[in-house]
Amino acid sequence: MRRDVVGALKGFRQDKIPLSEVISRVGGQAQFDAAVLETVLIRAMGDVMPIHAARMLPGSEQIATNMPQLMAAFDPAKPLTFQVTYARLPDVQWSSPYQDIVITVQDTGNLESDQAAAEGLIRQYLKQEGQKRVVADRGLAPGDGAIINMRIAPKSNPAAPYPGLDKEKFFFDTDGDMLDLTDHMLGMLPGEARSWEFVFPQDWHVDLWRGQTAIADIKLVELFSYILPEFNDEFVAKHYPQFESAADLRKSLVSSTSLARMKDLDAQIQDAIVTQVSACVASPIPEALLNAQGEKEFQAKLLDLVQRGVARIEDVQQQLTQEGLEAFIASERLGLEERCRYVLAAEAIAEEQGIDVEVEGLEAEVDRAKEQCRADKVDFDPDVYRQEAIEKLRYGAVMQWLQQNLKVEVLPWGGAGAVQQAAAEQPQPASV
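Residues numbered from 1 in each chain as written. Predicted model: local features only at pLDDT ≥ 70, side-chain atom pairs only at ≥ 80, totals over all residues. Heavy atoms only, no water.

Caption draft 1: Examining the overall build of the chain more closely. When its secondary structure is counted, the chain shows 15 helices and nine strands. When the 432 residues of the chain are sorted by exposure, 36% land in the buried category. Across the chain, every contact between residues at least 6 apart in sequence was considered, and the portion connecting residues at least 24 apart equals 72%. Surface accessibility of the chain: about 25,100 Å² in total, with carbon and sulfur atoms responsible for 51%. (Helix = DSSP H or I, 4+ residues; strand = E, 2+ residues; numbered from the N terminus. Buried < 20%, exposed > 50% of the residue type's maximum accessible area, 1.4 Å probe, protein only. Contact = heavy atoms within 4.5 Å. Areas by Shrake-Rupley, 256 points an atom, 1.4 Å probe, with all protein chains shown as cover.)

Caption draft 2: Up close: the confidence of the model for the chain. Here the chain averages 84 in pLDDT, and 88% of its residues register 70 or above. Confidence over residues 418–432 falls short of pLDDT 50; this stretch has 21 contacts with residues more than four positions distant or in other chains. (pLDDT = per-residue confidence, 0-100.)

Caption draft 3: Structural view of the packing of aromatic side chains. If you walk through the whole model with that rule in mind, you get 12 aromatic pairs. Taking 4.7 Å as the distance between ring centres and 50 degrees as the angle between the ring planes, the aromatic pair formed by Tyr 162 and Trp 209 counts as tilted. Of this pair, Tyr 162 sits in the loop between strand 5 (145–154) and strand 6 (166–173) while Trp 209 sits in the loop between strand 7 (193–199) and strand 8 (213–227), and the two are 47 residues apart along the sequence. Tyr 162 sits in the buried class, given a relative accessible area of 4%. Given the relative accessible area of 3%, Trp 209 is considered buried. One aromatic cluster in this structure is built from Tyr 162, Phe 198, Phe 200, Trp 204 and Trp 209. Directly above the ring of Phe 171 sits Lys 132, whose terminal nitrogen or CZ lies 5.2 Å from the centroid. Cation over ring: Arg 394 sits above Tyr 395, and NZ or CZ is 5.8 Å from the ring centre. (Phe/Tyr/Trp six-rings, centres within 6.5 Å; stacked < 30°, edge-to-face > 60°. Lys NZ or Arg CZ within 6 Å of the ring centre and 35° of its normal.)

Caption draft 4: Local environment of unusual backbone geometry. Its identity as a non-glycine residue notwithstanding, Lys 169 has a phi of 50 degrees, on the positive side. Of note, Lys 169 is situated in strand 6. You can call Lys 169 exposed: its relative accessible area is 64%. Non-glycine residue Asp 180 carries a positive phi angle of around 55 degrees. In this fold, Asp 180 is placed in the loop between strand 6 and helix 6 (182–185). For Asp 180, a relative accessible area of 49% gives the class partly exposed.

Caption draft 5: Spatial organisation of helix 11 (residues 322–331). Where helix 11 is concerned, the buried positions are Gly 324, Leu 325, Phe 328 and Ile 329. One side of helix 11 holds all its buried residues, which, seen down the axis, span an arc of 135 degrees. Residues of helix 11 that are exposed and point more than 90 degrees away from the buried face comprise Glu 323, Ala 330 and Ser 331. Considering only its buried residues, helix 11 is in contact with helix 9 (287–307), helix 10 (313–319) and helix 12 (333–353). (Arc of directions from axis to C-beta.)

Caption draft 6: Just the packing of helix 8 (residues 246–279) against helix 12, in detail. Orientation of helix 8 relative to helix 12, taken along the N-to-C sense of each, is 80 degrees, at an axis distance of 8 Å. Classified by the interaxial angle, the pair formed by helix 8 and helix 12 is roughly perpendicular. Residues Val 274, Thr 275, Val 277 and Ser 278 of helix 8 form the contact with helix 12, whose own contacting residues are Glu 338, Arg 341, Tyr 342, Ala 345 and Ile 349. Taken together, the residues of the contact of helix 8 with helix 12 sort by class into five nonpolar, two polar and two charged. (Axes fitted to C-alpha atoms, helices over the stretch in contact; angles between N-to-C directions. Parallel < 35°, antiparallel > 145°, perpendicular 65-115°, else oblique. Nonpolar A, V, L, I, M, F, W, Y, C, P; charged D, E, K, R; others polar.)

Caption draft 7: Summary view of the pattern of salt bridges. Under the criterion given, the structure shown has 15 salt bridges. Arg 394 serves as the salt-bridge partner of Glu 347, at 3.1 Å between the closest nitrogen and oxygen. One end of the pair, Glu 347, is in helix 12; the other, Arg 394, is in helix 14 (residues 382–405), with 47 residues separating them in the sequence. Across the salt bridge formed by Glu 365 and Arg 368, the nearest N and O atoms sit 2.8 Å from each other. Residue Glu 365 and its partner Arg 368 are located together in helix 13 (residues 362–376), separated by three residues, close to a single helical turn. Classification of Glu 365 by relative accessible area gives partly exposed; the value is 30%. Taken together, the salt bridges that share partners define one network made up of Arg 123, Lys 127, Asp 173 and Asp 175. (Salt bridge = Lys/Arg side-chain N within 4 Å of Asp/Glu carboxyl O.)

Caption draft 8: Inspection of the packing of helix 13 against helix 14 at higher detail. Across the interface, helix 13 lies against helix 14 with an axial gap of 10 Å and an inter-helix angle of 130 degrees. One way to sum up the angle between helix 13 and helix 14 is to call them oblique. Where helix 13 crosses over helix 14, the two elements pack in a sense that is right-handed. On helix 14, the residues touching Leu 362, Glu 363, Glu 365, Val 366, Arg 368 and Ala 369 of helix 13 are Pro 382, Tyr 385, Arg 386, Ala 389 and Ile 390. Here the residues of the contact of helix 13 with helix 14 are counted per class, giving seven nonpolar, no polar and four charged. (Left-handed = near helix turned anticlockwise from the far one by under 90°.)

Written out as structure tokens, the structure is:
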């Protein structure tokens with residue numbers, strides 16, 4: 001309080017400011033007592049409420065004892081008792097037994113597709129060591145590189161481009177095109193500009209933008225083709241000496257691609273479990289729970305942009321508004337409802353199956369997150385983070401139990417379009 005209320009006071013060390021000066025700056029003894037009492041109540045609730053968090057409706061907690069009564073009873077030398085009330089999350093009503101769920105997913109590739117992906121990576125390695133040649137006698141073609149001016153913005157707000165997607169003289173490689181810009185740029189000549197609408201893919205690495213309609217404004221400044229070296233043992237020995245040969249590097253790339261595919265498949269199974277388990281929940285979703293889930297996801301997604309270097313904290317702060325939150329909740333409402341149903345289901349399953357979690361090392365993780373947020377210049381509440389960390393551990397334990405106890409069928413990859421077909425055949429969440 002000396003630091004927050006008084007600040008720097010000439011002639012006194014920060015921790016040696018007289019209490020009388022603090023009381024005076026606050027506005028008198030009554031205001032000082034109220035401020036101290038408020039601090040005591042907040043800290044006490046921060047210690048106690050996480051115990052009840054699993055069944056508490058977010059934002060519903062409130063102090064039931066009236067303030068005049070608390071002020072009259074408050075004595076720093078004596079224990080203080082007060083009452084806090086909160087609304088409980090609704091008990092789960094099951095529309096069907098979750099134990100009977102059968103998860104069916106489609107693999108996203110096979111050995112052949114892994115090998116093709118490895119060849120694509122090898123081409124990128126060759127490009128890094130190859131030579132660029134300026135092209136002036138034709139338009140852009142697959143395999144080319146180009147210097148472009150790029151501006152990609154939401155169709156709903158063209159004046160505010162996506163963080164990291166507003167660049168001048170940006171080098172664009174058609175072989176590393178994750179947004180399929182090349183299809184719209186084929187034949188473009190230096191100096192030419194084109195605009196078009198597109199929808200961010202559902203597997204886009206910034207999940208906040210997935211499914212959003214965007215406008216791409218592209219101007220081609222300069223065009224290049226590549227003269228590539230040969231991929232052989234000599235190339236590998238010179239540039240990647242940790243591998244014994246070209247065949248050794250190729251084998252390693254295929255293995256790492258297969259491992260990444262396995263991780264993707266596991267994520268696909270978990271997503272399907274969330275959808276299927278949520279579909280078994282018939283309980284209505286309280287609006288307060290949905291709003292709290294939406295706010296938590298919205299803030300987490302924006303913070304993730306900063307931590308991964310996609311956007312600056314200044315860019316994120318411009319989007320961190322009530323209007324932005326409301327737009328996010330509106331656009332993600334169906335997904336939020338599904339995840340809220342899963343939250344209710346996970347709590348019920350954890351209780352029913354006796355699933356508990358270990359919190360060893362939690363405080364070290366809280367300290368690490370605090371330092372990270374300080375470095376990113378982001379506000380940090382250790383009590384909120386601690387509570388969310390425990391929730392993640394609990395939900396992770398429930399997910400592990402479900403993966404081990406539900407029937408999971410993995411269909412072999414059927415080529416392009418098979419994944420979308422498998423997703424379309426998954427049972428949809430029940431309407432409530």
